Structures are given as C-alpha cells and as structure tokens.
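Below, each chain spelled out in residue letters.
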Amino acid sequence: MKLTGKTLLAIGLIIFCVSLSFLLGVYLGQSSLTQIFFSYPGITKRYTKNLFDPYEQAWDIVHDSYLEQPVDDKALMQGSIKGMMEGLGDPYSSYLDPEQFREQNAPLEGEYTGIGAWVDTSGDLLVILSPMPDSPAEEVGLKPGDQVVQIDDEDVTHLGPSLVLKKILGPAETQVKISIIREGTPDILDFEITRRIIQIPSVESEMLEDQIGYIRLYAFGENSFEEFSTSLTQLLEDGAENIIFDLRNNTGGLVDSAIEITSTFLSDKIVLIEEWGDGSKTDYSTTEDPISLDIPLYILVNQGTASASEITAGALQDHDRALLIGTSTFGKGLIQNWIPLNGDNGAVRISIARWLTPNGRQIQNEGLTPDVEIDFTLDDFNAGIDPQLEKAIEIIMTNQED
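What you are looking at is a predicted structure, and each value in this text was computed from that prediction instead of being measured. (Residues numbered from 1 in each chain as written. Predicted model: local features only at pLDDT ≥ 70, side-chain atom pairs only at ≥ 80, totals over all residues. Heavy atoms only, no water.)

J.: What is the right way to look at the environment of Leu389 in this model?
T.: You can see Leu389 is positioned in helix α13 (residues 387-401). Owing to a relative accessible area of 18%, Leu389 belongs among the buried residues under this scheme. Taking the C-alpha atoms as reference, Leu389 lies 8.7 Å from Gly326; in sequence the two are 63 residues apart. Those residues within four positions of Leu389 in sequence are excluded, and the remaining contacts are Leu208, Tyr214, Ile244, Arg248 and Leu300. (Helix = DSSP H or I, 4+ residues; strand = E, 2+ residues; numbered from the N terminus. Buried < 20%, exposed > 50% of the residue type's maximum accessible area, 1.4 Å probe, protein only. Contact = heavy atoms within 4.5 Å.)

Put into structure tokens, the structure is as follows:
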C-alpha cells in the first residue's frame, strides 16, 4: 500500500503520542511520592517535579543504603515535616509529633509538680521565660533568657525543647540538676533544684502605704479578666488613689484576655493591630466597659514580660494611659495558629500574622522600652529589695507633692 504524506504524518503523530504517554507513565510511575506531590493542588500550581527530585533521591538512598532496615516511614515523614517548619526560619513555627501535641493540649488543673518556671519551647533550646513567684526555680536564681543545655549532666541540646521539659518535670521532693547558658556569662551554670508541687498563680493584690493599690497579674487566662476586675474594683473601693500594675515575668496567654483587661483602663480605643502576610491589617479595640479611666497607672515590666503582656502594656503606653517602669520586655509579637494534621500525625504551629501596638510599633524581637528604665539584679533579689517597685512608689510620691 502506498502511503501518502498525510498518512505518514498521522502515523508519526500516533507513534509520538503513544511514546510520550509511555515515557510519562514510566517517569511519573517511578515514585509514589511524585504521585502524592502532584495530587495536591497547591503543588501543581506552584512547583514542578524537579523541585522534589533531591527529596525523592534522599528517600530512595535511605531505603536502599541505610544500615538498619526496615526504616520507619512514619518517622521519616514526621522528620520531613519538622525540617520543613524549621526551613521557614521562624522560631515560633514548629511541628509537634502526636505525643507532644497531646501534651501541649493537656490542661493544667491549677497545679503540677516541677520547678516552677514558665518556658519557651519554640526554638532550638528550652528557654526560661520567667520563674514563678516563690518557686524552686526562683529560689535558686534562674532568670529570664536562661537556655537549658544539660539535665542531670546529660547533653540535651540535640533534643526538642518539649522533650527537655519532660525531663525537668517529675515527682515532688526529687532533685534535678539543670545546666544553663546565660547571656553575659561565659561559663555554664549548674543548679540543683528540688521539685515540688507548684500552685499556678493568677492575680495578687494589696493596698500599700499612701493609698497605693498594687495588683500583680501572672498570666492572661480564661478567668483572668474576672479576677483582675474584682481585685481592681476592691482596691478602688478601699480608697486607692494610684495603681501599680505588675506585669513582670508575665509570659502572656490569651489575646482576648489581654484586650479585656486593657479595656478596664481605656474606652473606645484600639488595643492592637494584626498585620497579615499580604500587608492587610485588622484593628482590635476595647471590648469591656472601663473600670477607671483617670486613676494614675504605673506598669512594671521586665525581660519576662511577653506576648499578651506586651499587648496590654504597649496599648496603655501608646495611649499615654500608663507609665512603664523597669527593663525592656521580651519581644514576642507573632501570632501562631495550631493546625492538626490528618490522622494521628500531630500538628503544625505556624505564624500567621504579627501584632503591632496601636501606634504601629513592631514588637517582635524589639520589645517595649520602658519610660523609666531601672534594673532588678540578682543581688537585689538576694538582698530582699525591689528597686523597680520602689521607683514606682517614688514617682507616685513625687507627683503627689507636685
């Protein structure tokens, strides 16, 4: 049969299409990982397969060459997710495996056994944010910013901070040796600490001399607004003419609680601004009726004042409603969301926005600068004196004389 030019062209096209289909089938069938990647809509829109070639190669190398076989594919998957979160370069975005996620969600029932310190588990090392008052951690001299590197002489720098925290917790009346590195101190510092039952504080208040009301808030929890409002109202009824609001070593908590408590001193004002990745912003204003709009207010802050505490202190400072006294705050200005992964595979915590003060000040890595800067050293603590509180009282007394 004589083939025309058109027939030859048609046959050629058919052979080409069949060959192309075969080659694509072989190419895409080489790895189930490829099929998984390309089945996810976001991947097909944003990436080509070449991006994942090194990952597939590493996956195959592990399964073909690693000494201990068979490997745990689920552990490899979880490790991959952890590495992806670390690749963001954000200290607050992270991955929790299923056990860590369950521990993270376990509620505190008002007490636990340990050393009594609020900690940050978001980075490479476990960091002490602040010791709790009258706790073993405070008694031995742990300070905000201390980074844990050894537990009972065992190097823990290779462990996740959540696992390091588990090693610190333990039965009451047992001892744990914690070794830390501290900024400005060249040597590793060792602390022998006896664990005990820790009562988790909320609000303390008292009337000082000269009708000065003192109120300390330890955390922004679900009931903090009610407890704070009750304490503040009682101080005012008892004749308080000035309020010292102590937010030192308050590592934060619920943003809604921070807005509510800020509302006790402000009316119809912006408390914080959320800034999203696309540049859009959302304002959050006061939500409760104020208790006192005019009583002189002095806020004590330090390096342990973080997150929700910085929201409250920053808003009251921006609106000229309070004088901040102490040292620069921690500088936690990113907002995270916990997103559980399908199945029993833990969750990712990812930074979704940053918050700014009402005047648009950036807090992340910057913190708040007090209006009156004064330090509170370990020597002061050991001597039983509080220069920051004393400074606030001094300013109040000077203002009253004027």
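After presenting the structure, the write-up continues.
J.: I tried to follow helix α10 (residues 255-262) on my own but got confused; where do I start?
T.: Residue pairs spaced three or four apart in an α-helix point in one direction, given the helix's 3.6 residues per turn. Within α10, the full set of buried residues consists of Ser257, Ala258, Ile259, Ile261 and Thr262. Those residues of α10 that are buried are in contact with β11 (212-217), α9 (224-237), β12 (242-246), β13 (270-276), β14 (281-285) and α11 (308-318).

J.: Explain a negative patch on the surface here, please?
T.: A contiguous patch of negative charge, built from Glu226, Glu227, Glu288 and Asp289, is present on the exposed surface. Structurally, Glu226 is set in helix α9. (Patch = residues over 30% accessible without salt bridge, like charges linked within 9 Å, V, L, I, M, F, W, Y side chains within 5 Å. Areas by Shrake-Rupley, 256 points an atom, 1.4 Å probe, with all protein chains shown as cover. Salt bridge = Lys/Arg side-chain N within 4 Å of Asp/Glu carboxyl O. Lys, Arg positive; Asp, Glu negative; His and termini not counted. Charge placed at Lys NZ, Arg CZ, Asp CG, Glu CD.)

J.: Before we go on, may I ask you to explain the sheet that holds β12 in this structure?
T.: By definition, the strands of a sheet pair up through backbone hydrogen bonds, in either a parallel or an antiparallel sense. The strand order across the open sheet formed by six strands is β10-β11-β12-β15-β16-β19, and the pairing between neighbours is mixed. With one partner strand each, in any of the chains shown, β10 (203-208) and β19 (372-373) form the two edges of the open sheet. Here six bridges tie β10 to β11, and the two strands are oriented antiparallel to one another. What sits directly across from Ser205, in β11, is Ile215. Running at roughly 160° to strand β15 (residues 297-301), α13 makes contact with β10, β11, β12, β15, β16 (323-326) and β19 of the sheet. (Pairing = 2+ DSSP bridges. Axes fitted to C-alpha atoms, helices over the stretch in contact; angles between N-to-C directions.)

So, to be careful, I would describe these as geometric facts and stop short of saying anything about function.
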